[in-house]
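# Descriptive analysis of the structure
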Amino acid sequence: MAAPIAIHLEFGGGAELLFGSVKEHHVTLPNQSAPWDMKQLLVWIRGNMLKERPELFVQGDTVRPGILVLINDADWELMGELEYELQDKDNVVFISTLHGG
Amino acid sequence: MCQVDEEYNGQLEHRVTPRVSKKCVKCKENTAVLIIRAGDAFCRGCFKEYFIHKFRAMLGKNRVIFPGEKVLLAVSGGPASSSMLSQVQEGLSRDAPKKLRFVPGIIYIDEGGASGQSMEERERAVAQLESVFRATNYHYHIVHLEQVLSLPSSVLEAGSSATEKPQTGSSYKAAVDQFIQTKKNQHPDLSVENAQSHLSSLSMQEVENGVTSPITPEHTQALQRLFASVRTLTAKEDLLHTLRLHLILHTARTQGYTKVMMGDSCSRLAIKLLSNISLGRGASLATDTGFSDPRYGDVVIVRPMRDYSSKEIAYYNRMFDIPSVFIPGLDTKAQDKASIQHVTESFVTKLQTDFPSTVSTIYRTSEKLHTACPPQNTNTQPFAKCLLCVCALDTKLEEFSAYQATLISEQLSQRRGPGPGFTPGAAAPGLPPASSASQGQCYSSGGGQHQGCMTGEGGCCSSAKKPETVDLKSLLCYSCRLTIKDMTAEDALPQYILSEAERRKRRSQMREEISEFLLEEDEAILSVNGSL
């Protein structure tokens, strides 16, 4: 039994173009019995937030190669990548590295 | 391994994702926040140290930037160049004796005209970047890509190196010591103020000059016409890259900068290496992806960020609040296979996720490439360099080279047969026979030569533009030829390119005409020795 979770999402490095050029989003994930994990979050984002070209953000189960994910300012590889369970008020950042500099 | 959609489910060991919070591998006390390379976890403090140290080590290892030199930083607003800017700020601000010592300037090239952005978007991006640049207190130059239409043709010549002394380690050390001595001799309290006030007074003056003259819609339209005449995205990106480089070079030369720093990261250079091979630029790989690029002679391009992966740069920017502006380019939201560069990028990035050592392997390979001959080859004729990319021409080869084979097979695979006077060594195979008839009387001294008539005369008779466009190909290296081939309207090219092409063609014709009177290099030496 999980209460609705409030998550702060940020997009950078060009990824915001896919979300209406808005970099910061506060979302509330709806109630569900099992706790939310990153895999489900990605599915949710794909279904509810992506305005166009989903293949530029999500590839299969995970994010497209070249997109970095930070959970609470730490590499998501250290948190378990897709299996990480989201807590209330988590901060998830997606940065695209595909546009050079 | 070489299939398009390979699946390794169950065959590869899945990378072990750690569940417990790891400790930093360096200090072993703090919690790690980031994994770099294939498994090194760093904490925040150690990562910052590592990042800063790498920049200074890169500059220190390759001792090409001498103290007091003027260095132009090419900032595109993206993460890597913004990171480079912050590293330069960091390095210059230290009080330790080991601080960086050069005079930086910033250049930003507004490419909105080519990528189809509206004026408001461009102005917004420029305003954002200007606020970033102003905070650094360095001179900055905002150059619009439209200005490439009014460049002088001297841009295309490789200048001679400003300092003739050999760049050995001892001369570098001597230069550094001398610099420190002169600094000490100045009044210690005022030297810092002097530098600051000097810089700020210059930047006050430069701010007017920094933002260059406003561009007219006609310029933008001419630029758009140029890019619209290029059929493929690959050629567009290549052309954009060349024009951008020319602009940077011109600014560096006119403002007195001897070095240009580009912010190419390791990942970007790996992609560039592979795509350059695909584009036909294999001969100049060492200069295109190495640390320093000396082919322009007086201005050397260095790439201090070439050791950083894009992941490291993105994390550093995020953690330490480095401002960067995202500006959409030509290949934003393009299809996966829209251009060679784009498909290489997605290939390398995808491979990198499964095999984390991909980028570093490619990088190590590129480090092993060196230029074979010294870059300051004064014996090379000026027009033995490619017109656009100033690398050595690789298309003036003998009769039986692979390049001639490709020409012949291209010729044979076209509908119409070879035109009259076609020889494998001709500069323009496949020229339709009708054009020679339309030339009329030609007053060139080689009157009997069929060749002279067909391939254009430049100054000797006022013929149509058509022969000139054919000439362009003979002055270009293989990959630039491919880019120009993709253009439908070559006269949309900026004037400086066309006039320089004309000049070189005239020169080479003149050279041909007086060739029997010229002594070859070794003949001259022999005759001198003989007379002694």
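Here is a short report on the structure shown in this document. Predicted, not measured: the structure shown is a model, and the values here were computed from it.

Conventions we followed
Going along each chain's sequence as written, the residues are numbered from 1 onward. Naming scheme: in the order in which they are written, chains are lettered from A and ligands are numbered from 1. Confidence filtering applies because this is a predicted model: local features only for residues at pLDDT of at least 70, side-chain atom pairs given and counted only at 80 or more, and all residues used for totals across whole chains, interfaces and linings. As a rule here, side-chain values cover all heavy atoms of the structure and leave hydrogens and water aside. Every residue pair with non-hydrogen atoms within 4.5 Å of one another is taken to be in contact. A quick way to say it: buried area is the sum, across both parts, of accessible area lost when two parts are put together, with a 1.4 Å probe. Put simply, a salt bridge is a Lys or Arg side-chain nitrogen that is within 4 Å of an Asp or Glu carboxyl oxygen. Polar contact criterion, stated in full: a pair of N or O atoms within 3.5 Å, where within protein one must be able to donate a hydrogen and the other to accept it, and residues adjacent in sequence count only if both atoms are side-chain atoms. Here a strand is any run of E in DSSP of at least two residues, a helix any run of H or I of at least four, and the numbering for each starts at the N terminus. Basically, the charged four are Asp, Glu, Lys and Arg, the nonpolar ten are Ala, Val, Leu, Ile, Met, Phe, Trp, Tyr, Cys and Pro, and anything else, Gly included, counts as polar. For two strands to be treated as a pair, DSSP must find no fewer than two bridges joining them. Axis definition: a line fitted to C-alpha atoms, limited for helices to the stretch in contact. Angles are taken between N-to-C directions and run from 0 to 180 degrees. Each residue is assigned to one of three classes by its accessible area relative to the maximum for its type, calculated with a 1.4 Å probe on protein chains only: buried under 20%, partly exposed between the two thresholds, exposed over 50%.

The next thing to look at is the interface of chain A and chain B. With 34 residues of chain A in contact, the opposing surface of chain B contributes 36 residues. Together chain A and chain B conceal approximately 2,800 Å² of surface at their shared face, both sides included; 56% is due to carbon and sulfur atoms. The interface formed by chain A and chain B includes four salt bridges. With its nearest N and O atoms 3.1 Å apart, the salt bridge here joins Glu77 of chain A to Lys311 of chain B. Inspection of the region where chain A meets chain B yields eight residue pairs in polar contact (both at pLDDT 80 or more). Secondary-structure elements contributing two or more residues to the side of chain A that touches chain B are strand E5 (67–71), strand E6 (74–75) and strand E7 (91–96) of chain A. Looking at the side of chain A that touches chain B residue by residue, the class counts come to 14 nonpolar, ten polar and ten charged.

To continue, consider the sheet that holds E6 of chain A. Within a sheet, each strand pairs with its neighbour through backbone hydrogen bonds, oriented either parallel or antiparallel. Read across the open sheet, the five strands follow the order E2-E1-E7-E5-E6 (chain A); overall the sheet is mixed. In the strand order of this sheet, the two ends are held by strand E2 (24–29) and E6 of chain A, each with one partner. Pairing between E5 of chain A and E7 of chain A: five bridges, direction antiparallel. Paired with Ile67 of chain A across the strands is Ser96 of chain A, a residue of E7 of chain A. Lying over the sheet, helix H11 (residues 310–319) of chain B contacts strand E1 (5–12), E5, E6 and E7 of chain A, oriented at roughly 40 degrees with respect to E5 of chain A.

Our next topic: the pairing of E5 of chain A. All names here are of chain A. Most of E5 is tucked away, with five of its five residues classed as buried. The alternating pattern of E5 places Ile67, Val69 and Ile71 and Leu68 and Leu70 on opposite faces, both of which are buried. Pairing of E5 with E6 involves two bridges; the strand directions are antiparallel. From the neighbouring strand, Ile71 faces E6, where its bridge partner is Ala74.

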